[in-house]
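Understanding the architecture of this molecule
Each chain is listed here by its residues.
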Amino acid sequence: MDVSFHVDQSIDSVIEALILLAPALFANPTPVIVKGSKPIDMGARMPDGRRVLGDGKTIEGFLAGLVAGSLAGLLVFLVTGNYHMVTHAPAIALGALLGDIAGSFLKRRIGIERGRPAPVLDQLDFYAGALAVSIALGYKWDLEITLLTAIIVGGLHIGANVFAYLAGLKKVPW
Ligand code: CTP
Ligand code: MG
């Protein structure tokens, strides 16, 4: 298996994609375990009367996600020798966390309350953010791999959330 992908290379297998996205896959669920208390929006509301983001997006969760994603990148570097991951991981993790925040912003704007489900958006907002950052970093994705990876990431997200629900970490299984 060739995992020595570089910044100027295309992501042309789902395995490569998942390795590149490891920082996002670690960053996204970490806040669920950390469960912070300081909302990023500090309670602020938009003119529509709803919260900017809501209590589900906290500063502690965000920072913990950033650390977890960066550590995942370090792990990928140690396993594959791909040193690009050391610097790219924090950026990809940041993309995932900002994607998740953008997802909550959108949910509030269309009137979906914090914690209520928004199918597809809930599963893939962080993937969209991480993907966008990876493209900005120079990684090239073809459409087929992008869609296949989306299906796998979405499936992983659903599985992880059902697990977190059963383990008592989450009140709802989505
Ligand atoms: N979380 C956090 N900080 C973040 C992201 C998530 O503390 N930046 C924690 C919160 O406890 C949140 C939980 O992880 O409730 C689950 O995250 P998520 O499903 O993304 O949030 P929701 O509570 O469902 O809120 P939303 O409707 O805005 O997605
Ligand atoms: Mg949720």
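Residues numbered from 1 in each chain as written. Chains lettered and ligands numbered in written order. Predicted model: local features only at pLDDT ≥ 70, side-chain atom pairs only at ≥ 80, totals over all residues. Heavy atoms only, no water.

1. Remarks on a nonpolar patch on the surface
On the surface, a nonpolar cluster with roughly 330 Å² of combined accessible area is contributed by V67, L71, L74 and V86. Of all the elements, helix α4 (residues 59-80) adds the most residues to the nonpolar patch, at three residues. Along the chain, V86 turns up in helix α5 (residues 84-109). Of the residues examined, V86 reaches a relative accessible area of 34% and is grouped as partly exposed. (Patch = residues over 30% accessible without salt bridge, like charges linked within 9 Å, V, L, I, M, F, W, Y side chains within 5 Å. Areas by Shrake-Rupley, 256 points an atom, 1.4 Å probe, with all protein chains shown as cover. Salt bridge = Lys/Arg side-chain N within 4 Å of Asp/Glu carboxyl O. Helix = DSSP H or I, 4+ residues; strand = E, 2+ residues; numbered from the N terminus. Buried < 20%, exposed > 50% of the residue type's maximum accessible area, 1.4 Å probe, protein only.)

2. A closer look at the pattern of salt bridges
Applying the stated criterion across every chain yields a total of six salt bridges. Residue D100 pairs with K57 through a salt bridge whose shortest N-O separation is 3.2 Å. Of this pair, D100 sits in helix α5 while K57 sits in the loop between α3 (30-34) and α4; the two residues are 43 residues apart in sequence, bridging distant segments of the chain. Since its relative accessible area comes to 17%, D100 is described here as buried. Using a relative accessible area of 14% as the deciding quantity, one classes K57 as buried.

3. With respect to the environment of I145
Residue placement: I145 occurs in helix α7 (residues 143-166). With relative accessibility at 9%, the residue I145 sits in the buried group. For the pair I145 and L169, spaced 24 residues apart in sequence, the C-alpha to C-alpha distance is 32 Å. In contact with I145, other than residues within four places in its own chain, are I11, D12, S13, V14 and A17. (Contact = heavy atoms within 4.5 Å.)

4. Quick notes on the site of ligand 1
Contacts to ligand 1 come from 17 residues, most closely from K57, T58, S104, R108 and R114. Side-chain polar atom of K57 to an oxygen atom of ligand 1: 2.7 Å apart, as the coordinates give it. Here an oxygen atom of ligand 1 sits 2.8 Å away from a polar atom, N or O, in the side chain of R108. The site holding ligand 1 turns out to be the largest pocket. Mapped onto the shell around ligand 1, the elements with two or more residues apiece are α3, α4 and α5. When the residues that make up the shell around ligand 1 are grouped by side-chain class, the tally is three nonpolar, six polar and eight charged. (Near = heavy atom within 4 Å. Polar contact = N/O pair within 3.5 Å; in protein donor to acceptor, adjacent residues only side chain to side chain. 1 Å grid on protein atoms, 1.4 Å probe; cavity = no way out; pocket = protein on both sides within 12 Å on 5 of 7 lines; lining within 4 Å. Sits in = over half its atoms within 2 Å of the grid points. Nonpolar A, V, L, I, M, F, W, Y, C, P; charged D, E, K, R; others polar.)

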